[in-house]
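Survey of secondary and tertiary structure
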Amino acid sequence: MKGSFITFEGIDGSGKTTQLERLAESLRHSGRDVLITCEPGGTPLGRELRKAFLETKQDVEPLAELLLFAADRAQHVQHLIRPALAEGKIVISDRYADATTAYQGAGRGFDLKLIENVTAIATGGLKPDLTLFFDIEPQAAVDRMEFRAAHKKNRMDLEPLEFYERVRDAYLRIAAAEPERFRVIDAGRGIDEIAAETLEAVTEMLDRV
Ligand code: TMP
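Residues numbered from 1 in each chain as written. Predicted model: local features only at pLDDT ≥ 70, side-chain atom pairs only at ≥ 80, totals over all residues. Heavy atoms only, no water.

1. Focus on the sheet that holds strand β2 (residues 34-38)
- Strand order in this open sheet of 5 strands is β2-β3-β1-β4-β5, and the pairing throughout is parallel. The open sheet terminates on both sides in strands that have one partner only, identified here as β2 and β5 (182-186). In this sheet, adjacent strand axes meet at a mean angle of 20 degrees when their direction is disregarded.
- Its contacts with the sheet place helix α3 (residues 62-86) against β1 (4-9), β2 and β3 (90-94), and it is angled at close to 165 degrees to β2. (Pairing = 2+ DSSP bridges. Helix = DSSP H or I, 4+ residues; strand = E, 2+ residues; numbered from the N terminus. Axes fitted to C-alpha atoms, helices over the stretch in contact; angles between N-to-C directions. Contact = heavy atoms within 4.5 Å.)

Following this line, the structure appears as structure tokens:
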């Protein structure tokens with residue numbers, strides 16, 4: 001039995017986590033076996049790593065950051081994602097490898113070939129069946145995050161607007177390069193409208209496989 005692997009991506013403040021919960025609820029309601037997870041921090045070790053390098057005031061070297069996201073992912077893939085897929089579950093992860101391409105590649109400026117190599121090692125080649133990118137203007141996302149000041153809980157939340165603009169452009173470039181895997185969802189609309197499009201995209205993929 002082989003499950004399905006779905007990932008949610010978006011800049012901080014895009015509302016993707018709310019949509020992920022809505023989607024999981026709808027799928028469970030229709031009798032599907034769903035596992036919700038996230039990066040970084042989808043496993044016990046990952047949660048410790050997350051605290052150590054993301055939810056810290058320490059100065060973290062960009063290369064250390066890149067490798068720690070990869071370490072979190074290696075643990076996540078081997079201990080949680082692959083076993084759940086082998087049991088036939090629908091695994092939905094709040095962020096996965098595309099976040100490294102967007103944040104550490106475009107955001108921090110790491111070479112894309114290096115990121116590809118690190119990602120291949122960390123994931124063992126596991127790719128999502130479907131990736132939903134929740135697209136929002138960076139200014140609107142920053143405004144949302146400032147409104148919800150409590151959300152400012154990790155180092156990434158402190159980046160300037162230009163950082164999120166680079167990250168968003170990178171996601172859009174990946175989406176254009178891999179249209180069969182990616183779906184761009186306009187996240188500037190009402191929650192119900194976005195939830196309906198999300199469910200439709202996922203149902204279409206599940207019916208296909
Ligand atoms: P979140 O779990 O609150 O979304 O925070 C995770 C932060 O880490 C978010 O700003 C995106 C960032 N991130 C990366 O920079 N690279 C990665 O590979 C992943 C998974 C997340």
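Let us keep going from here.
2. Quick word on the packing of helix α2 (residues 44-53) against α3
- Between α2 and α3, the least distance of the axes is 9 Å, while the angle of their chain directions is 165 degrees. For the element pair α2 / α3, the angle class is roughly antiparallel. For the pair α2 and α3, the crossing hand works out as left-handed. For the pair α2 and α3, the contacting residues are L45, G46, L49 and F53 in the first and E65, L68, F69, A71, D72 and Q75 in the second.
- Looking at the contact of α2 with α3 residue by residue, the class counts come to 6 nonpolar, 2 polar and 2 charged. (Parallel < 35°, antiparallel > 145°, perpendicular 65-115°, else oblique. Left-handed = near helix turned anticlockwise from the far one by under 90°. Nonpolar A, V, L, I, M, F, W, Y, C, P; charged D, E, K, R; others polar.)

3. Some remarks on the nonpolar core
- Core analysis: the largest hydrophobic core is formed by 42 residues, its most contacted members being F8, L27, I92, Y103, L132 and V202.
- In contact with I92, other than residues within four places in its own chain, are I6, F8, L20, L23, L27, V34, L35, I36 and T37.
- Core analysis: the second largest hydrophobic core is formed by 9 residues, V77, I81, A84 and L126 among them. (Core = buried A, V, L, I, M, F, W, Y, C linked by side-chain atoms within 4.5 Å. Buried < 20%, exposed > 50% of the residue type's maximum accessible area, 1.4 Å probe, protein only.)

4. Some thoughts on the side chain of T198
- Inspection of the secondary structure puts T198 in helix α8 (residues 191-208).
- Under the relative-accessibility criterion, T198 is labelled buried at 1%.
- At 2.7 Å, the side chain of T198 and the backbone oxygen of I194 are in polar contact. (Polar contact = N/O pair within 3.5 Å; in protein donor to acceptor, adjacent residues only side chain to side chain.)

5. Observations concerning the pattern of salt bridges
- One pass over the full model with this rule turns up 20 salt bridges.
- In this structure, D129 and K2 form a salt bridge, with 3.9 Å as the shortest nitrogen-oxygen distance. With D129 in the loop between α5 (112-123) and β4 (130-135) and K2 in the segment before β1, this residue pair connects regions lying 127 residues apart in the sequence.
- A relative accessible area of 30% means that D129 is categorised as partly exposed. (Salt bridge = Lys/Arg side-chain N within 4 Å of Asp/Glu carboxyl O.)

6. A look at the site of the ligand
- Every one of the 15 residues lining the ligand counts as a neighbour, but D12, R50, T100, Q104 and M156 are closest to it.
- R95 places a polar side-chain atom, nitrogen or oxygen, 3.2 Å from an oxygen atom of the ligand.
- Contact distances for the ligand include 2.8 Å between a nitrogen atom and a side-chain N or O atom of Q104.
- Starting from 480 Å² of accessible surface for the ligand in isolation, the protein chains cover 93%.
- If you tally residues by element for the shell around the ligand, the top one is helix α4 (residues 97-107), at 4 residues.
- Looking at side-chain class alone, the shell around the ligand contains 6 nonpolar, 3 polar and 6 charged residues. (Near = heavy atom within 4 Å. Areas by Shrake-Rupley, 256 points an atom, 1.4 Å probe, with all protein chains shown as cover.)

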